[in-house]
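Residue-level listing of the chains:
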Amino acid sequence: MNLFDTLTAAGAPAAPFLERPDGAVDSYADLQAHTARFAHALCALGVQPGDRVAVQVEKSPENLYLYLATVRAGAVFLPLNTAYTLNELAYFIGDAGPALVVCDPGAEAGVSELVEALGARVVTLDASGKGSLADLAAAQPATFPTVARAPGDLAAICYTSGTTGRSKGAMLTHANLASNAATLVDLWRFTVRDVLIHALPIYHVHGLFVATNITLMAGASMIFRPRFDAADVLSLLPRASALMGVPTFYTRLLAQPDLTREAVVGMRLFISGSAPLLAETHLDWSARTGTAILERYGMTETGMNTSNPYDGDRVAGTVGFPLPDVALRIADPETGAPLAPSEIGVIEVKGPNVFAGYWKMPDKTAAEFRPDGFFITGDLGKIDDRGYVHIVGRGKDLIIAGGFNVYPKEVEEEIDALPGVVESAVIGLPHPDLGEGVTAVVATGGKPVMDEAAVIAALKDRLARFKQPKRVLFVDDLPRNAMGKVQKALLRQQHAGLYTDG
Ligand code: MLC
Ligand code: AMP
């Protein structure tokens, strides 16, 4: 098998697949031709089955075809957030050892320097789909024999930040991605008639796999946008049937006065995930549009785990039921002992969607699975008496801002290294636009240090913009409990209104 063939089996050659931002439409036959050319180009660059192809480029149809071509050629796609700095990129590239790195032409010099010692090749692709890789692909044949792969072979590696420093590469197999897409097409009733508004980035699982793979597997089509813009998405609703987004999409759409019942008349499905959708947003949306957002819950390591029902109550503040092929249980976070569903514990899952482990980290992989094969998500939850899963918090010290994960430790390490800083605590505070706002509380020991703007400026080239604190607060000392542990919960409580008051 190969995920590419599984995903593209339903798309009739003449049927539309993707409407480009300029209005031109690519058919499924075009998809076959574009991916064939890119797959030939990868082979010409020496990429072998199993090799990693690391990609940090702006969103474009060609970027999407590069993902599919990589899978088609039997190689392993490794998408990277465009916000990552060269400093951050160095780690991913060093860890994954890609045979090829595809980057924006503007980053080529820096990236080439990074990979010199690794012997990887560097080619380019820009926001308009042009660059040295596209030039090479243009000269290639429009057919390509898809490389056969075993279900357990890797299709992608997606890095997720680690609680304790180093990011981990989640290894996703052809079978993981194929099974999750098939389950969701069925559950969410996607058909050839669907038109999905695709406004998510394609370097994370939500936009790359959930949105794209489902559209493909249904033989449906998408309106492809380089980024999310609320007014733009609103204007597309009359031509579309489905939208997938993070909660910030929905709060920003609600801020548009033209979002009305009439505006959503042709839409059959609004899906939210990647971060908690406030019950308030869910209810406001229903009141304004007469439709209920369908909230689902997933992770890079697992794809989607739960979903509110297509038919039946989509309950605000819950993530719905485990998917038909996913076993989900609540366990004691310390001992792993199963808890009664109504008790709060760590959510554990098992199923064909669950990844094959962390790249080159067998110990970390082993530590996150129970002996009976359940994966420990690190999310805290419970199951109510109707069977709906509720996420009530995170066992892991994680902030989610606008759907992007930020691990406080990574930010704290950078801040702690600044002159005059004794220590720091990075916390997420309620933020009206992003859900949580990354906030640094810096202990100075009573001595004057650099000011807020200087701290943020010092992080500029070190951390991606979305990881940088929106605000930096200064205190003499951080509050600690009797065990000497920094009381982050207290800090969150003390500063709860920072972004929401006034
Ligand atoms: C942008 N900024 C952010 C940010 N996005 N800061 C913190 N968190 C974010 N998410 C910064 C910008 O760099 C800019 O800084 C400033 O905030 C304002 O930017 P903006 O123009 O308002 O933001 P915009 O480009 O519109 O982006 C917001 C967004 C985007 C919500 C549309 O973040 C987004 O597309 N998020 C989706 C993330 C996602 O796909 N997650 C899925 C992960 S998979 P400045 O200073 O330069 O002005 C997963 C599994 C699962 O979690 O279950 O799905
Ligand atoms: P990532 O590592 O980027 O894949 O993020 C996965 C994490 O996002 C999960 O472990 C959850 O903490 C969070 N998440 C995803 N979907 C939801 C949701 N619907 N509600 C609450 N948290 C969510």
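The rules we used
Residues numbered from 1 in each chain as written. Chains lettered and ligands numbered in written order. Predicted model: local features only at pLDDT ≥ 70, side-chain atom pairs only at ≥ 80, totals over all residues. Heavy atoms only, no water. pLDDT = per-residue confidence, 0-100. Helix = DSSP H or I, 4+ residues; strand = E, 2+ residues; numbered from the N terminus. Core = buried A, V, L, I, M, F, W, Y, C linked by side-chain atoms within 4.5 Å. Buried < 20%, exposed > 50% of the residue type's maximum accessible area, 1.4 Å probe, protein only. Contact = heavy atoms within 4.5 Å. Pairing = 2+ DSSP bridges. Axes fitted to C-alpha atoms, helices over the stretch in contact; angles between N-to-C directions. Near = heavy atom within 4 Å. Polar contact = N/O pair within 3.5 Å; in protein donor to acceptor, adjacent residues only side chain to side chain. Areas by Shrake-Rupley, 256 points an atom, 1.4 Å probe, with all protein chains shown as cover. Nonpolar A, V, L, I, M, F, W, Y, C, P; charged D, E, K, R; others polar. Phe/Tyr/Trp six-rings, centres within 6.5 Å; stacked < 30°, edge-to-face > 60°. Left-handed = near helix turned anticlockwise from the far one by under 90°. Salt bridge = Lys/Arg side-chain N within 4 Å of Asp/Glu carboxyl O. Expected span 1.5 Å × (residues − 1).

With that settled, consider the confidence of the model for the chain. Mean pLDDT over the chain: 96, with 99% of residues reaching 70 or higher. Here strand β8 (residues 165–173) is the element of the chain with the lowest mean pLDDT, 90, and strand β9 (residues 195–198) is the one with the highest, 99.

Attention now moves to the nonpolar core. Generally speaking, nonpolar side chains in soluble globular proteins are found buried as a group. Formed by 110 residues in total, the largest nonpolar core has its most connected members in Tyr67, Val102, Trp188, Phe190 and Met244. Of all the elements, helix α8 (residues 205–218) adds the most residues to this core, at 9 residues. If we skip the residues at most four places from it in the chain, tryptophan 188 touches Val210, Ile214, Met244, Arg268, Leu269, Ile271, Leu294, Arg296, Ser307 and Tyr310. Membership of the second largest hydrophobic core comes to 38 residues, among which are Ile93, Cys103, Tyr159 and Val406.

To continue, consider the sheet that holds strand β2 (residues 25–27). Ordered by their spatial adjacency, 9 strands build an open sheet running β2-β1-β10-β9-β11-β12-β13-β14-β15, and the pairing between neighbours is mixed. Edge positions in the open sheet fall to β2 and β15 (321–322), since each of these has one partner strand only. As defined by bridge partners, strand β1 (residues 16–19) adjoins strand β10 (residues 221–224) across 2 bridges and the pair is classed as parallel. By the bridge assignment for β10, glutamate 19 is matched with isoleucine 223. Strand contacts of helix α3 (residues 61–72): β1, β2 and β10, with the helix running at about 135° to β1, the strand carrying the most contacts.

What follows concerns the site of ligand 1. Lining the immediate surroundings of ligand 1 are 24 residues, of which Arg252, Ser274, Arg296, Ala401 and Arg465 lie closest. Contacts to ligand 1 include serine 274, whose side-chain N or O atom sits 2.6 Å from an oxygen atom. One of the side-chain nitrogen or oxygen atoms of arginine 465 is found 2.6 Å away from an oxygen atom of ligand 1. Calculation on ligand 1 without its partners gives an accessible area of 1,000 Å², and the protein chains cover 74% of this total. Elements represented by at least two residues in the shell around ligand 1 include exactly α8, α10 (247–254) and β13 (294–299). Within the shell around ligand 1, the residues separate by chemical class into 12 nonpolar, 7 polar and 5 charged.

What follows covers the site of ligand 2. Around ligand 2, 16 residues are found, and the nearest of them are Arg296, Thr300, Asp379, Lys396 and Asn405. The separation between a nitrogen atom of ligand 2 and a polar main-chain atom of arginine 296 is 2.7 Å. Take aspartate 379: an N or O atom from its side chain is 2.6 Å from an oxygen atom of ligand 2. Here ligand 2 has 500 Å² of accessible area as a free molecule, and 91% of this is covered by the chains. Where the shell around ligand 2 is concerned, the elements lending two or more residues are β13 and β19 (389–394). No other element matches the 5 residues that β13 contributes to the shell around ligand 2. Of the residues in the shell around ligand 2, the class split is 7 nonpolar, 4 polar and 5 charged.

With respect to the helices, strands and loops of the structure, alanine 454 is situated in helix α14 (residues 452–459). Relative accessible area serves as the criterion here: at 26%, alanine 454 is assigned to the partly exposed category. The spacing of alanine 454 and isoleucine 391 is 63 residues in sequence and 37 Å in space, taken between C-alpha atoms.

Moving on to the packing of aromatic side chains. Within the structure shown, the criterion is met by 19 aromatic pairs. Measuring from centroid to centroid gives 6.3 Å for tyrosine 91 and tyrosine 159, while their planes differ by 80°, and the two rings are edge-to-face. Of this pair, tyrosine 91 sits in helix α4 (residues 86–96) while tyrosine 159 is found in strand β7 (residues 154–162), placing the two residues 68 residues apart along the sequence. Arranged with centres 4.7 Å apart and planes meeting at 35°, the rings of phenylalanine 404 and phenylalanine 466 form a pair that is tilted. Taken together, the residues span a long stretch of sequence, with phenylalanine 404 in strand β21 (residues 404–406) and phenylalanine 466 in the loop between α14 and β24 (471–475) at a distance of 62 residues. Here the two residues phenylalanine 404 and phenylalanine 466 agree in accessibility, since each one is buried.

What follows is about the packing of helix α2 (residues 28–44) against α3. As a packed pair, α2 and α3 sit with axes 8 Å apart at the nearest point and diverge in direction by 65°. Handedness of the α2/α3 crossing: right-handed. Along its contact with α2, which presents Leu31, Gln32, His34, Thr35, Ala36, Phe38, Ala39 and Leu42, the element α3 presents Glu62, Tyr65, Leu66, Leu68, Ala69, Thr70 and Arg72. Across the contact of α2 with α3, the residue classes break down as 9 nonpolar, 4 polar and 2 charged.

Okay, the sheet that holds strand β23 (residues 435–443) next. Picture the strands of a sheet paired through backbone hydrogen bonds; they go either parallel or antiparallel. What the 3 strands build is an open sheet, ordered β22-β23-β24; its pairing is mixed. Whereas interior strands pair on both sides, the edge strands pair on one side only; in this sheet they are β22 (423–431) and β24. Adjacent strand axes in the sheet meet at a mean angle of 30° when their direction is disregarded. Sheet strands touched by helix α13 (residues 408–416): β22 and β23. Its angle to β22, the strand with the most contacts, is close to 135°.

On to the pattern of salt bridges. Enumeration according to the criterion identifies 23 salt bridges in this entry. Two residues, lysine 467 and glutamate 410, come together in a salt bridge whose shortest N-O distance is 3.0 Å. Of this pair, lysine 467 sits in the loop between α14 and β24 while glutamate 410 sits in helix α13; the two residues are 57 residues apart in sequence, bridging distant segments of the chain. Take lysine 467: its relative accessible area is 3%, and that puts it in the buried class. Members of the salt-bridge network, linked through shared partners, are Arg329, Glu348, Arg370 and Asp372.

Once that is clear, we can look at the side chain of threonine 377. Locating threonine 377 in the fold gives a position in strand β18 (residues 375–383). Reaching out from threonine 377, the side chain makes a polar contact with the side chain of tyrosine 297 at a distance of 3.5 Å. Dropping the residues within four chain positions of it, threonine 377 is found in contact with Tyr297, Met299, Val346, Ile347, Val349 and Lys396.

Looking now at α3. Along its 12 residues, α3 runs 16 Å from first to last C-alpha, staying within 8% of the 16 Å computed at 1.5 Å per residue. Of all 12 residues making up α3, 12 are buried, and the element is well covered by its neighbours. Among all positions in α3, only Pro61, Glu62, Asn63, Leu64, Tyr65, Leu66, Tyr67, Leu68, Ala69, Thr70, Val71 and Arg72 are buried. Within two residues after α3, glycine 74 carries a phi angle of roughly 85°, on the positive side.

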